[in-house]
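Understanding the architecture of this molecule
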Amino acid sequence: MARIETLMWVEKYRPVELKDLVNQEAIVERLLSMLNSPREMPHLLFSGPPGTGKTTAALCIVRKILGESWRDYTLELNASDERGINIVRDRVKTFSRYVGIGGEAPLRIIILDEADEMTNDAQTALRRIMEESSRICRFILVCNYSSGIIEPIQSRCAIFRFLRLNEEDVVDYLRHICKEEEVDFGDKALSLIYEISGGDLRLAINTLQSSASFGKVNFENVKKTAGISGKSEVGKLVDLALRGEFKQAREKLLELMRVYGMSERDVIKYANEAIFKLDLQNLDEVAESLAKYDYRLIVGAQPDIQLTAMIAELGKIGKESGFITKKKETKR
Ligand SMILES: Nc1ncnc2c1ncn2[C@@H]1O[C@H](COP(=O)(O)OP(=O)(O)OP(=O)(O)O)[C@@H](O)[C@H]1O
Ligand SMILES: [Mg+2]
């Protein structure tokens, strides 16, 4: 994973200083003024659409406050992890025990990503932990929708709403990367990438990198990339799942969501298109299974858990239908 990340332009071009964040001027200004006296900094709540700089801003802040050894004093956690709240509680305890001993850092910082995925119970527990630990710990809660955060937590945080990036900023950023990477590009192609990204800079940069892997970033290659990211990769996921290659299928799923920025429901939508291209006897069962998980996502079930369960179910259906024996060895 680490090796892949270093090759990824989203990581290579992630700003390390707040002032280099694009398009979030008002937020950057407020944050910089807070950083003048870090000890007085309140807890922070960052909300907004994907790929707009929330995690990046959080990392810039911890680096600025905690310096070189920021990793020792920071806990980064995905709040949708079931064990999340217990890890927070344990770590806060450890932090409290050691504060003042090696205390060159003014604060300990806990970054909770996807905080809106936490259950209300977990959030209530979190609220208590935030209160009890406020002498030494600051929380940076990151989420897509601040409405998913309970009111008592919201009222304890300074709230920052990140905005989708506009076309000019995204295109400028992509142009800068192309120059750094010495890749040929066309302006029309960059505008198309913006359109595909919908103002999500992560998706834009990933689309740029995939297009560049065809040689240059022109209109044709961007279109090709969009096609690949949208469809054939999901086809591979379905194929792996039906063969019972559970782990590989799940890795493909994570890649689709993290690298291509695909939404969970789009995964199912494209899977539904992909199954008609496969030689399947019980297509009806597969279609019903997809519909079931699509419905569960609409009613708000946990996407990661549901899609993982869907992969498992497709594996069972594939086994019953003899899908594995009919096909040759998996090619990857
Ligand atoms: N405002 C920005 N300025 C500069 N680069 C950005 C900005 N927003 C996003 N990026 C780029 O996109 C990548 C992803 O950004 P980041 O992780 O901060 O997104 P996020 O808002 O946390 O998204 P998510 O909600 O999906 O977690 C970064 O590595 C960086 O390259
Ligand atoms: Mg993030």
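This write-up is about the structure you can find in this document. (Residues numbered from 1 in each chain as written. Chains lettered and ligands numbered in written order. Predicted model: local features only at pLDDT ≥ 70, side-chain atom pairs only at ≥ 80, totals over all residues. Heavy atoms only, no water.)

This brings us to the site of ligand 1. Near ligand 1 there are 19 residues, and of these Val-10, Gly-51, Lys-54, Thr-55 and Thr-56 occur at the shortest range. Here an oxygen atom of ligand 1 and a backbone polar atom of Gly-51 are 2.8 Å apart. Burial of ligand 1 by the protein chains amounts to 93% of its free accessible area of 620 Å². Those elements that place two or more of their residues in the shell around ligand 1 are helix H4 (54-66) and helix H10 (201-212). Among the residues forming the shell around ligand 1, the class breakdown is nine nonpolar, seven polar and three charged. Counting residues domain by domain, the shell around ligand 1 receives three or more from each of domain 1 (2-161) and domain 2 (167-217). (Near = heavy atom within 4 Å. Polar contact = N/O pair within 3.5 Å; in protein donor to acceptor, adjacent residues only side chain to side chain. Areas by Shrake-Rupley, 256 points an atom, 1.4 Å probe, with all protein chains shown as cover. Helix = DSSP H or I, 4+ residues; strand = E, 2+ residues; numbered from the N terminus. Nonpolar A, V, L, I, M, F, W, Y, C, P; charged D, E, K, R; others polar. Domains from an automatic or database assignment.)

Right, let's get into the sheet that holds strand S4 (residues 137-143). The parallel open sheet is built from five strands, whose spatial order is S2-S3-S4-S1-S5. If you trace the sheet from one side to the other, it starts and ends with strand S2 (74-78) and strand S5 (157-161), each paired once. In this sheet, neighbouring strand axes are inclined to one another by 15° on average, regardless of whether the strands run parallel or antiparallel. When strand S1 (residues 43-47) meets S4, the two strands line up parallel, connected through four bridges. The partner of Leu-45 across the bridge, within S4, is Leu-141. Here helix H6 (residues 120-132) sits on the sheet and contacts S1, strand S3 (108-113), S4 and S5; the angle it forms with S4, its principal contact strand, is near 150°. (Pairing = 2+ DSSP bridges. Axes fitted to C-alpha atoms, helices over the stretch in contact; angles between N-to-C directions. Contact = heavy atoms within 4.5 Å.)

What follows covers the pattern of salt bridges. Within this structure, the stated rule accounts for 15 salt bridges. With a shortest N-O distance of 3.9 Å, Lys-223 and Glu-220 are connected by a salt bridge. Residue Lys-223 and its partner Glu-220 are located together in helix H11 (residues 219-242), separated by three residues, close to a single helical turn. Classification of Lys-223 as partly exposed rests on a relative accessible area of 44%. Residue Glu-220 is classed as partly exposed on the basis of its relative accessible area, which comes to 49%. Taken together, the shared-partner salt bridges in this structure form one network comprising Arg-127, Glu-131 and Arg-156. (Salt bridge = Lys/Arg side-chain N within 4 Å of Asp/Glu carboxyl O. Buried < 20%, exposed > 50% of the residue type's maximum accessible area, 1.4 Å probe, protein only.)

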